[in-house]
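Geometric and topological summary
One-letter residues, chain by chain:
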Amino acid sequence: MKIYADTALLPEGWKSNVLVEIDKVGRIASLSSDVEAAKAKATADHRVPILLPAPANLHSHAFQRAMAGMSERRGAEALDTFWTWRQIMYRFLDILKPDDIETIAAFVQMEMLEAGYACNVEFHYVHHQPDGTPYAALAELSHRIGAASLDSGIGLTLLPVLYQYGGCDKRPLGPGQIRFGNDFERFAKLHQGATAMLPNLPVDSAIGVAPHSLRAVGQDALRDAVQLAGSGPLHMHLAEQVKEVEEVEAAWGARPTDWLLANHQVAENWCLIHCTQMTDAETDALAATGAIAGLCPITESSLGDGIFNGVRYLSKGGRLGVGSDSNIRISLSEELRTFEYSQRLRDRCRASVATTERSTGRVLFEAVTAGGAQAAGRKSGRIEEGAWADLLVLDGKSLMLDGVKGDEILDMFIFAADDRLVTDVWSAGRHLVKDGCHVASDSIRSRYREVMTRLRQEF
Ligand code: ZN
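Below is a summary of the structure that appears in this document. (Residues numbered from 1 in each chain as written. Predicted model: local features only at pLDDT ≥ 70, side-chain atom pairs only at ≥ 80, totals over all residues. Heavy atoms only, no water.)

**A look at the sheet that holds strand 13 (residues 319–322)**
On the basis of which strands lie adjacent, the open sheet formed by four strands has the order 10-11-12-13 and parallel pairing. With partners counted over all chains shown, the strands left at the sheet margins are strand 10 (234–238) and strand 13, one partner each. Taken pair by pair, the neighbouring strands of this sheet meet at an average axis angle of 30°, ignoring direction. For strand 12 (residues 292–295) and strand 13, the ladder comprises four bridges, and the chain directions are parallel. Bridged to Gly 294 within strand 13 is Gly 321. (Pairing = 2+ DSSP bridges. Helix = DSSP H or I, 4+ residues; strand = E, 2+ residues; numbered from the N terminus. Axes fitted to C-alpha atoms, helices over the stretch in contact; angles between N-to-C directions.)

Here's what the structure looks like:
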């Protein structure tokens with residue numbers, strides 16, 4: 001299959017008259033630029049105006065999409081915070097059945113594709129029945145996420161989550177948390193059960209390991225989880241909330257990032273989610289590891305987590321990517337815009353991460369395509385031979401992009417327009433979004449509507 005693009009963002013920069021050939025497995029087989037346009041257009045299966053690498057969405061809890069917008073009222077407590085939001089999330093979980101979880105996951109994956117993401121890195125922590133009893137198949141709900149990815153076609157990196165305790169003091173799980181809990185031994189079996197589905201999924205699917213956070217996993221189990229992950233994706237929530245930092249500091253004698261970097265060989269396969277609470281020294285130290293900071297700017301805004309020290313982190317060569325986490329809203333352009341605007345509001349500056357060579361949009365977009373791929377353990381994020389064909393097309397007919405060239409394309413996409421500019425998306429060569437709409441949109445949306453009607457009645 002061949003795609004001809006008038007302009008494309010390649011690893012060496014913007015190129016014109018680009019021809020991309022994709023093999024049967026979904027990898028980029030060959031790539032050439034400055035080809036003879038008329039001839040290339042005639043032989044291509046698709047002719048597109050602007051071709052970009054499609055990033056991975058590196059952090060998601062799919063089921064939370066269904067409670068988006070339900071937590072915007074004041075509760076009884078004096079201050080509405082992350083922790084009161086979490087109470088609502090736990091209550092919502094009590095009514096979710098396996099079919100619901102699969103339907104919601106397919107829906108949110110479809111939305112991710114329509115936003116321009118080619119891959120969903122699912123941080124999957126709901127494992128058991130509402131009363132905490134495991135399903136007959138321990139990895140039942142992991143399989144439901146896998147089944148959803150077959151419906152949506154998105155590239156999946158599944159991260160089964162190890163969750164042991166209700167806090168650093170190893171208190172037992174609260175009533176809202178019993179669907180998550182496993183000791184390491186049972187978790188290893190669950191992980192094995194989840195891995196067993198891989199042969200039934202597309203070959204670009206992958207699996208990793210996610211110890212939930214320093215507050216939910218003991219030190220021995222964390223070491224075991226790191227060993228289980230090997231060189232594969234290893235994700236963990238880190239330093240999201242001030243209260244969390246204080247709790248870790250009191251229990252383990254150091255701030256979360258300091259503690260982790262002192263006690264583990266944090267390497268390129270690690271992805272630390274949030275990192276909104278880091279000192280300058282922690283920021284520099286994390287940047288030096290080559291690990292990914294997994295940022296979720298829309299969710300971090302929604303939950304009032306704080307602002308990631310992005311300017312300093314990038315200036316130290318730190319790597320990052322973005323994810324939609326609580327899935328309150330699925331928007332690639334808005335994640336990037338929110339990240340940049342948070343830096344500007346804090347520092348009272350403009351174009352905070354731009355360089356003299358590359359614009360803000362270019363710096364951000366290239367950071368998250370490379371970082372998302374690394375975090376997903378997926379050879380993608382760049383339009384180059386041998387990579388998965390994770391590609392997105394922007395609408396060249398849009399008034400926003402009329403006459404626009406080079407980096408300014410990305411600046412317009414991120415700051416002046418939004419994801420409605422995304423017309424086509426391929427995930428590992430699967431053409432899933434056409435004319436801005438997912439190919440199975442009708443059936444996925446109608447199933448989601450049915451589930452939501454029931455859930456709203458029960459919630
Ligand atoms: Zn999360």
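**Section: the side chain of His 274**
Considering the arrangement of structural elements, one finds His 274 in strand 11 (residues 270–274). The class of His 274 is buried, set by a relative accessible area of 1%. At 2.9 Å, the side chain of His 274 and the side chain of Glu 300 are in polar contact. Not counting residues up to four positions away in its chain, the partners in contact with His 274 are His 237, Leu 238, Glu 240, Gly 294, Leu 295, Cys 296, Glu 300, Asp 305, Phe 308 and Asp 325. (Buried < 20%, exposed > 50% of the residue type's maximum accessible area, 1.4 Å probe, protein only. Polar contact = N/O pair within 3.5 Å; in protein donor to acceptor, adjacent residues only side chain to side chain. Contact = heavy atoms within 4.5 Å.)

**Some thoughts on the coordination of the zinc ion**
Donor atoms from the polypeptide that coordinate the zinc ion comprise His 59 (NE2), His 61 (NE2), His 237 (NE2) and Asp 325 (OD), at 2.1 to 2.4 Å from the metal. One can describe the site at the zinc ion as irregular: its four donor atoms subtend angles covering 81 to 172° at the metal. Along the chain, the residues donating to the zinc ion are arranged with the sequence spacing H-x1-H-x175-H-x87-D. Of this pair, His 59 sits in strand 5 (residues 56–60) while His 237 is found in strand 10, placing the two residues 178 residues apart along the sequence. As far as burial versus exposure is concerned, His 59 and His 237 are alike and both buried. (Donors = N, O, S within 2.8 Å, 3.2 Å for Na, K, Ca; no water. Tetrahedral: all angles 85-135°; square planar, octahedral: opposite > 155°, others 65-115°.)

**Quick look at the packing of helix 12 (residues 332–347) against helix 14 (residues 407–416)**
Running from N to C, helix 12 and helix 14 point in directions that differ by 85°, and their axes come no closer than 8 Å. When the interaxial angle is binned, helix 12 and helix 14 end up roughly perpendicular. Every residue of helix 14 that contacts helix 12 at Leu 332, Ser 333, Leu 336, Arg 337, Glu 340, Tyr 341 and Arg 344 is listed here: Phe 413, Ile 414 and Phe 415. A per-class count over the contact of helix 12 with helix 14 returns six nonpolar, one polar and three charged. (Parallel < 35°, antiparallel > 145°, perpendicular 65-115°, else oblique. Nonpolar A, V, L, I, M, F, W, Y, C, P; charged D, E, K, R; others polar.)

**Notes on the nonpolar core**
Ranked by internal contacts, the top residues of the largest apolar core, which has 131 residues, are Leu 272 and Leu 394. With 10 residues, the single largest contributor to this core is helix 3 (residues 98–115). Two domains each put at least three residues into this core: domain 1 (2–53 + 382–442) and domain 2 (56–376). Excluding anything up to four places from it in sequence, Leu 272 contacts Met 236, Leu 238, Leu 260, Val 266, Leu 286, Ala 291, Ile 292, Ala 293 and Gly 294. Counting 15 residues, the second-largest nonpolar core is a separate cluster that includes Ala 5, Ile 28, Val 48 and Val 393. (Core = buried A, V, L, I, M, F, W, Y, C linked by side-chain atoms within 4.5 Å. Domains from an automatic or database assignment.)

**Thoughts on unusual backbone geometry**
Phi is mostly negative for residues that are not glycine, and the peptide bonds are mostly trans. For His 274, which is not glycine, the phi dihedral falls at a positive 90°. Residues other than glycine seldom take positive phi values, yet Asp 435 does so here, at roughly 50°. Of note, Asp 435 is situated in the loop between strand 16 (430–434) and strand 17 (437–438).

**Here we look at the sheet that holds strand 2 (residues 13–22)**
With respect to topology, eight strands assemble into an open sheet ordered 3-2-1-4-14-15-16-17, the strand pairing being mixed. Where the open sheet ends on each side, the last strands, each with one partner, are strand 3 (28–32) and strand 17. Here strand 1 (residues 2–10) runs beside strand 4 (residues 46–53); their pairing, made up of five bridges, is parallel. Of the residues in strand 4, the one forming a bridge with Tyr 4 is Arg 47.

**Re the environment of Pro 55**
Mapped onto the fold, Pro 55 is located in the loop between strand 4 and strand 5. Judged by relative accessible area, Pro 55 falls into the buried class, the value being 1%. Counting along the chain gives 31 residues from Pro 55 to Arg 86, while the straight-line C-alpha distance between them is 28 Å.

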